[in-house]
Amino acid sequence: MTLQEFKTLCAQIEREYTDKISSAADLNAVEELRVAALGRKGALTELLKNLKDFAIEDKKAAGPLGNALKTALTAALENKTRTLAAQALNEQLNQVDLDLTLPARPVPAGRRHPLSIAQKRMTDILSKLGFTWAEGPWVEDEKHNFDMLNIPLHHPARDAQDTFFVQTGSPLSMVLRTHTSNVQSRFMEKHKPPLRIMAPGRVFRNDSLDATHSPVFHQIEGLYVDKNVNMADLKRDLTAFMKGLLGDKTEIRFRPSFFPFTEPSAEVDVKCVFCAGKGCNICKGTGWIEMLGSGVVHPNVLKNCGIDPEVYSGYAFGMGVERLAMMMMNINDIRTFYENDLRILNQF
Ligand code: DAH
């Protein structure tokens, strides 16, 4: 073969395959053309075999020509493949009926539990009144749950009827805390006045479940200790708290009471929202619902925590989150909070 013949054949192959590639109908046709031109027995491959018989000068001229043609055909094949693939995808998309106006499927969203909502509203108000967050353990020793709070050994609150005792292997006698008041002893042991804390959390009592009782429920403890804190401060702050929570028109009353850890002690009642004070089965006919216990911190409690009651005084309160949530949300059965019926939870 002469160099001239080689050049002519190159030009022929180029023309023929460039045409064929550009008019190939589908990916199969492109692949067939690749084999026909560049495959082991392909037209260009066969042509290049002649190079070995060329004289050195001719080889130098013919070699680059053949390589350039190979590169050009490869590029043309790749281009065509890409174009055809894009066309195929477009056609496929055109065949599917895509209704872009169809609303998306709703993703079920979680939300706060009503008790969390209630607790947050309470702690939000308390923090505006200057209380900061504190916490204590659920599994507590009797010292912090009872003794330091001036609850004597034979006090009925320590009875197994009210208290869950736990076997822990600890040398101390352990209980599930019966109130958040354990945070009072825990906190005052470590921190000295002035102090003003709120301690929300879970508490445990050996009660059976009914419309107003649950063996596990929630309280928020409040404690304010400084110089000259007295009953008037307590009354002012709890009134502000209750009105903030239940509305300005809320009627409340302070009723003398007794707790071992406060002296004097008072319970705060709220005019029953279920019957507007007329008397119903929820307020047991009294027109009032007991909301929280409170009082001036007993000097023995301060002393037990290493605070001098001659210098400092304080007030404390403890309230049931469920109770208040029931009033806020007009729920008349405590079990509603624990059954997790989505039809109810979705309403808050
Ligand atoms: N610990 C009491 C209870 O669980 C509630 C309570 C009453 C807490 C008076 C106090 C308080 O801090 O001063 O029933």
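Quick notes on the rules
- Residues numbered from 1 in each chain as written.
- Predicted model: local features only at pLDDT ≥ 70, side-chain atom pairs only at ≥ 80, totals over all residues.
- Heavy atoms only, no water.
- Helix = DSSP H or I, 4+ residues; strand = E, 2+ residues; numbered from the N terminus.
- Rg over C-alpha atoms; globule rule 2.2 N^0.38 Å.
- Buried < 20%, exposed > 50% of the residue type's maximum accessible area, 1.4 Å probe, protein only.
- Contact = heavy atoms within 4.5 Å.
- Lys, Arg positive; Asp, Glu negative; His and termini not counted.
- Charge placed at Lys NZ, Arg CZ, Asp CG, Glu CD.
- Pairing = 2+ DSSP bridges.
- Axes fitted to C-alpha atoms, helices over the stretch in contact; angles between N-to-C directions.
- Phe/Tyr/Trp six-rings, centres within 6.5 Å; stacked < 30°, edge-to-face > 60°.
- Near = heavy atom within 4 Å.
- Polar contact = N/O pair within 3.5 Å; in protein donor to acceptor, adjacent residues only side chain to side chain.
- 1 Å grid on protein atoms, 1.4 Å probe; cavity = no way out; pocket = protein on both sides within 12 Å on 5 of 7 lines; lining within 4 Å.
- Sits in = over half its atoms within 2 Å of the grid points.
- Salt bridge = Lys/Arg side-chain N within 4 Å of Asp/Glu carboxyl O.
- Parallel < 35°, antiparallel > 145°, perpendicular 65-115°, else oblique.
- Points joined across faces, edges and corners; volume = space filled by probe spheres on them.
- Nonpolar A, V, L, I, M, F, W, Y, C, P; charged D, E, K, R; others polar.

Participant: What's the story with the overall build of the chain in this structure? I'm lost.
Facilitator: Across its full length, the chain carries 12 helices and 10 strands. Its C-alpha atoms give the chain a radius of gyration of 43 Å, more than 25% over the compact-globule value 20 Å for 348 residues. In terms of overall dimensions, the chain has C-alpha extents of about 120 × 45 × 40 Å along its principal axes. A burial count over the chain gives 39% of its 348 residues as buried. Partitioning the contacts of the chain with sequence separation of at least 6, the portion at a separation of at least 24 is 67%. Taken together, the 42 basic and 42 acidic charged side chains of the chain have centroids lying 2 Å from each other.

Participant: Explain the sheet that holds strand 7 (residues 252-259) here, please?
Facilitator: The strand order 1-5-6-10-9-8-7 describes an open sheet built from 7 strands, whose pairing is mixed. Strand pairing shows two members of the sheet lacking a second neighbour, strand 1 (132-133) and strand 7, which therefore form its edges. In terms of strand pairing, strand 1 meets strand 5 (residues 195-204) through 2 bridges, oriented parallel. Residue pairing in the sheet places W133 in a bridge with M198 of strand 5. Across the sheet, helix 8 (residues 231-246) is in contact with strand 5, strand 7, strand 8 (262-271), strand 9 (288-297) and strand 10 (313-320); its angle to strand 9 comes to roughly 145 degrees.

Participant: Please clarify how the packing of aromatic side chains should be interpreted in this entry.
Facilitator: Geometrically, a pair of aromatic rings is defined through the distance of the ring centres and the angle of the planes. According to the stated counting rule, one finds 6 aromatic pairs in the structure shown. Ring centres 5.9 Å apart and planes at 70 degrees place the aromatic pair F131 and F317 in the edge-to-face group. Here F317 lies in strand 10 and F131 lies in the loop between helix 5 (114-128) and strand 1, a separation of 186 residues in the sequence. Pairing Y224 with Y315 gives two aromatic rings, centres 5.4 Å apart and planes at 75 degrees, and the pair type is edge-to-face. Here the residue Y224 occupies a position in strand 6 (residues 216-226), and Y315 occupies one in strand 10, the gap between them amounting to 91 residues. We classify Y224 as buried; its relative accessible area is 14%.

Participant: Just checking my understanding: could you explain the environment of G277 for this structure?
Facilitator: Here G277 shows up in the loop between strand 8 and strand 9. Overall, G277 belongs to the partly exposed group, its relative accessible area being 28%. Spatially, the C-alpha atom of G277 lies 18 Å from that of A325, the residues being 48 residues apart in sequence.

Participant: How should the site of the ligand be read in this particular structure?
Facilitator: Within the structure, the ligand sits among 15 residues, and H179, S181, R205, Q219 and E221 are positioned closest to it. Between the ligand and H179 there is a distance of 2.9 Å, counted from a nitrogen atom to a side-chain nitrogen or oxygen. Residue F317 places a main-chain N or O atom 3.4 Å away from an oxygen atom belonging to the ligand. Judged by the proximity of its atoms to the pocket grid, the ligand belongs to the largest pocket. Looking at the shell around the ligand, the elements with two or more residues in it are strand 6, strand 9 and strand 10.

Participant: Help me understand the side chain of T123, please; the structure alone is not making it clear to me.
Facilitator: Here T123 is to be found in helix 5. In terms of polar contacts, T123 uses its side chain to reach the backbone carbonyl oxygen of K120, at 3.2 Å. Ignoring any residue separated from it by four or fewer positions in sequence, one finds T123 in contact with W133, M198, P200 and I220.

Participant: Would you mind going over the sheet that holds strand 3 (residues 165-166) with me for this structure?
Facilitator: Strands pair in a sheet through their backbones, by hydrogen bonds, and they do so in one of two ways: parallel or antiparallel. If you trace the 3 strands from one edge of the open sheet to the other, you get 2-4-3, paired in antiparallel fashion. One side of each edge strand has no neighbouring strand; the edge strands of this open sheet are strand 2 (139-141) and strand 3.

Participant: Is there a simple way to think about the pattern of salt bridges in this case?
Facilitator: Opposite charge on two side chains makes pairing possible when the charged atoms of those side chains draw close. Evaluation of the coordinates by the stated rule reveals 16 salt bridges. Residues R253 and D269 are paired through a salt bridge, measuring 2.9 Å at the closest nitrogen-oxygen approach. Residue R253 is found in strand 7, and its partner D269 is found in strand 8; the two are separated by 16 residues along the sequence. Note on R253: relative accessible area 32%, which makes it partly exposed. We classify D269 as buried; its relative accessible area is 2%.

Participant: Any chance you could explain the packing of helix 5 against helix 10 (residues 321-329) here in plain terms?
Facilitator: How two helices sit against one another is set out by the angle between their axes and by the gap between those axes. Direction vectors running N to C along helix 5 and helix 10 enclose 95 degrees, while the axes themselves pass 9 Å from each other. Judged on the interaxial angle alone, helix 10 and helix 5 are roughly perpendicular. Between helix 5, through P114, L115, I117, A118, Q119, R121 and M122, and helix 10, the contact on the second element is made entirely by V321, E322, L324, A325, M328 and M329.

Participant: Could you clarify how one ought to interpret the layout of surface pockets in this entry?
Facilitator: Left-over empty space is what a probe sized like a water molecule reveals as it rolls over the atoms. Taken as a whole, the largest pocket spans an internal volume of roughly 970 Å³. Of the residues in the lining of the largest pocket, the class split is 16 nonpolar, 14 polar and 8 charged. The computed volume of the second largest pocket comes to approximately 420 Å³. Surrounding the second largest pocket, 19 residues form its lining, T212, I282, C283, K284 and I289 being those nearest its centre. Contributions of two or more residues to the lining of the second largest pocket are made by strand 7, strand 9 and helix 10. Looking at side-chain class alone, the lining of the second largest pocket contains 8 nonpolar, 5 polar and 6 charged residues.

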